[in-house]
Amino acid sequence: GISQLRFKPAYNPYTEPSMEVFSYHEGLKKWVEVGNSGVFRPELLLPMGLPENISVIAWGLSLERPTMIKYGIKNIRELMGHRVNLQMVYDSPMCRLDV
């Protein structure tokens, strides 16, 4: 359902070149980061025993942003790291801690 996308060159320590993907959020009336991508730097592939002439693409969805929007979290540090509200994790229907 995403129809408005923007792509922006970015810096990532593990990929070169790197790119961020943004989508326009109608409800927030602003552009929100939804993904990141790039080509892994060759020196990171050497320990894996891959041939020197191979390229490996990296990409990922930025799941923190939609989660922040859904739960009204204003600062990403409240979602990740030592400032996480553990009660929200316990109360969230998407988390199962009894397994």
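These figures come from a predicted structure and were not determined experimentally.

1. Points about the pairing of strand 3 (residues 30–40)
Link 1 in the chain: Where strand 2 (residues 15–25) meets strand 3, 9 bridges bridge the pair, whose relative direction is antiparallel. When the bridges of strand 3 are listed, T15 appears paired with F40.
Link 2 in the chain: Counted between consecutive antiparallel strands, the loop separating strand 2 from strand 3 contains 4 residues, among which K29 sits at a positive phi close to 55°.
Link 3 in the chain: Looking at chain direction, strand 3 and strand 4 (residues 57–61) are connected through 5 bridges and run antiparallel. From the neighbouring strand, G38 faces strand 4, where its bridge partner is A58.

2. Focus on the packing of aromatic side chains
For any pair of aromatic rings, the description rests on two quantities: the centre-to-centre distance and the angle between the ring planes.
Link 1 in the chain: In the structure shown here, the tally under the stated rule is 1 aromatic pair.
Link 2 in the chain: With a centroid separation of 5.4 Å and 65° between ring planes, the pair formed by Y24 and W31 is classed as edge-to-face.
Link 3 in the chain: Among the residues examined, Y24 registers a relative accessible area of 24% and is labelled partly exposed.
Link 4 in the chain: Overall, the relative accessible area of 28% leaves W31 in the partly exposed class.

3. Looking at the UniProt feature "domain: Phenylalanyl-tRNA synthetase" (unreviewed entry) in the chain
Link 1 in the chain: As recorded in UniProt, the feature "domain: Phenylalanyl-tRNA synthetase" (unreviewed entry) lies at residues 4–85.
Link 2 in the chain: For residues 4–85, the helix share is 15%, the strand share is 43%, and the end-to-end C-alpha distance is 32 Å.

4. A word on the side chain of S37
Link 1 in the chain: Note that S37 resides in strand 3.
Link 2 in the chain: Every residue in contact with S37, bar those within four places of it in the chain, is listed here: N12, T15, P17, S18, M19, A58 and W59.

Rules and cut-offs
Residues numbered from 1 in each chain as written. Predicted model: local features only at pLDDT ≥ 70, side-chain atom pairs only at ≥ 80, totals over all residues. Heavy atoms only, no water. Pairing = 2+ DSSP bridges. Helix = DSSP H or I, 4+ residues; strand = E, 2+ residues; numbered from the N terminus. Phe/Tyr/Trp six-rings, centres within 6.5 Å; stacked < 30°, edge-to-face > 60°. Buried < 20%, exposed > 50% of the residue type's maximum accessible area, 1.4 Å probe, protein only. UniProt positions renumbered as here; feature names shortened; annotations may be inferred. Contact = heavy atoms within 4.5 Å.

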